[in-house]
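# Fold and geometry: a report
Take a look at the letters that make up each chain.
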There are 2 protein chains.
Amino acid sequence: MSDTERLLAANQHFYRVFAAGDYDALDRLVARTHPVACVHPGWRPIVGRDEVMASWRAIFDHGAPRVACVDPQPMMLASLGLVLCLERLDGGYLAASNAFVIEADDWRLVHHHAGPAPAASVVAPAGGTVH
Amino acid sequence: MSDTERLLAANQHFYRVFAAGDYDALDRLVARTHPVACVHPGWRPIVGRDEVMASWRAIFDHGAPRVACVDPQPMMLASLGLVLCLERLDGGYLAASNAFVIEADDWRLVHHHAGPAPAASVVAPAGGTVH
């Protein structure tokens, strides 16, 4: 697989783990030697691996949402891999930015930012998909 | 200045430009040799420099918002600089992730993602400021 294919696979793995509420699998996916951060919808930015993992624990404790990744768009930014996508949830859609770095030869999650987006049926103001 | 200080200065410059609605200054700040993307609040992800700049043109055409950056938190992720912050607006707060890369010896904006956040007076679920 190319780096981009592996990046998209890591992003898909993130959403499988997210939808399953699998804390241990997420703990393995989140980077350990790079800084880690997160912005959940309606939350303040969270910085620090322990704080980010505590936020996921709180989310999973309330029941993992039925979430699926739609229309992932990968970008390689120097040594960082960024995936933009929509998250389809029962109540609508979120737009997400997920950033990954290579650690131990695998893409690891360093940043996740999600917030409200229009329904997928709404035409994007600009831009489109790359695959 | 250290790389981190220059990163924070670039982030502050972004918000001065944003609040001024200065399209030409933003055009100079946005990266040219790296991929560029953006997620405005409530919009679908936008990928591509031309599409991102068109989105800023549309925002500025409606009048630049009174926006100020609050509590910026810099992170160095390999060769990428990420700043998480709150954006104070007349109607409340947004949480933003701004990513920069070095081009021509300066930090250039490659990604901006903003979405709703609680008021700054609300205690963060976790994490805090680093300066």
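Anything mentioned here points back to the structure above.
In short, a report on the structure. Note that residues are indexed from 1 along each chain, following the sequence as it is written. Chain letters and ligand numbers both follow the written order, the letters beginning at A and the numbers at 1. Given that this is a predicted model, residues contribute local features only at a pLDDT of at least 70 and side-chain atom pairs are listed and counted only at 80 or more, while totals for whole chains, interfaces and linings are drawn from all residues. As a convention, hydrogens and water are excluded, and side-chain values are obtained from all of the structure's heavy atoms.

## Some words on helix α1 (residues 3-20) of chain B
Residue and element names in this part refer to chain B. Per the convention used, a helix needs a DSSP run of H or I reaching at least four residues, while a strand needs a run of E reaching at least two, with both numbered from the N terminus. What a helix should span is 1.5 Å times the count of its residues minus one. Over its 18 residues, α1 extends 25 Å from the first C-alpha to the last, a length consistent with the 26 Å expected when each residue adds 1.5 Å. Buried residues of α1: Leu7, Leu8, Ala10, Asn11, Phe14, Tyr15, Val17 and Phe18, and no others. We call two residues in contact when some of their heavy atoms are within 4.5 Å. Elements in contact with the buried residues of α1: α2 (23-29), α3 (49-61), β3 (68-77), β4 (80-89), β5 (92-103) and β6 (106-117). Downstream of α1 by a residue or two, Gly21 has a phi angle that is positive, lying close to 65°. Only protein chains enter the accessibility calculation, which uses a 1.4 Å probe; a residue whose area is less than 20% of its type maximum is buried, one above 50% is exposed, and one in between is partly exposed.

## Structural notes on the interface of chain B and chain A
Residue-level contacts link 43 residues of chain B with 43 residues of chain A. By convention, the term buried area covers the 1.4 Å-probe accessible surface removed from two parts as they join, with the contributions of both added. A buried area of about 3,500 Å², summed over both sides, lies between chain B and chain A, and 71% of it is on carbon and sulfur atoms. Only one rule defines a salt bridge in this text: a Lys or Arg side-chain nitrogen within 4 Å of an Asp or Glu carboxyl oxygen. Here chain B is connected to chain A by two salt bridges. Asp71 of chain A serves as the salt-bridge partner of Arg44 of chain B, at 3.3 Å between the closest nitrogen and oxygen. We define a polar contact as two N or O atoms separated by no more than 3.5 Å, with the added condition that, inside protein, one atom must be a possible hydrogen donor and the other a possible acceptor, whereas residues neighbouring each other in sequence contribute only through side-chain atom pairs. There are eight residue pairs in polar contact (both at pLDDT 80 or more) connecting chain B and chain A. Counting only elements with at least two residues in the side of chain B that touches chain A, the list comes to β1 (37-39), β2 (46-47), β3, β4, β5 and β6 of chain B. A total of seven residues in the side of chain B that touches chain A trace back to one element, the largest contributor, which is β6 of chain B. Residue polarity is assigned by list, with Asp, Glu, Lys and Arg as charged and Ala, Val, Leu, Ile, Met, Phe, Trp, Tyr, Cys and Pro as nonpolar; anything else, Gly included, falls into the polar class. Residue composition of the side of chain B that touches chain A, grouped by class: 31 nonpolar, nine polar and three charged.

## Side note on the nonpolar core
The nonpolar side chains of soluble globular proteins are, as a tendency, buried together. Throughout, nonpolar core names a set of buried Ala, Val, Leu, Ile, Met, Phe, Trp, Tyr and Cys residues whose side chains join them through atoms within 4.5 Å. With 82 residues, the main nonpolar core has Leu26, Trp56 and Leu80 of chain A together with Leu26, Trp56 and Leu80 of chain B as its most contacted residues. Judged by nonpolar contacts, the second largest core, of five residues, contains Val39 of chain A together with Val70, Ala95 and Ala117 of chain B.

## Let's talk about the sheet that holds β2 of chain B
In sheet architecture, strand pairing relies on hydrogen bonds along the backbone and comes in two forms, parallel and antiparallel. All names here are of chain B. If DSSP finds at least two bridges between two strands, the strands pair. Strands sit in the order β2-β1-β6-β5-β4-β3 across an open sheet of six strands; the sheet is mixed. Either end of the sheet is taken by a strand with one partner, and the two such strands are β2 and β3. In this sheet, β6 lies alongside β5 in antiparallel orientation, the contact comprising eleven bridges. Paired with Ala96 across the bridge in β6 is Ala114. Each axis is a line fitted through C-alpha atoms, taken for helices only over the stretch in contact, and angles between the N-to-C directions span 0 to 180 degrees. Against the sheet, α1 engages β3, β4, β5 and β6, with an angle of about 145° to β3.

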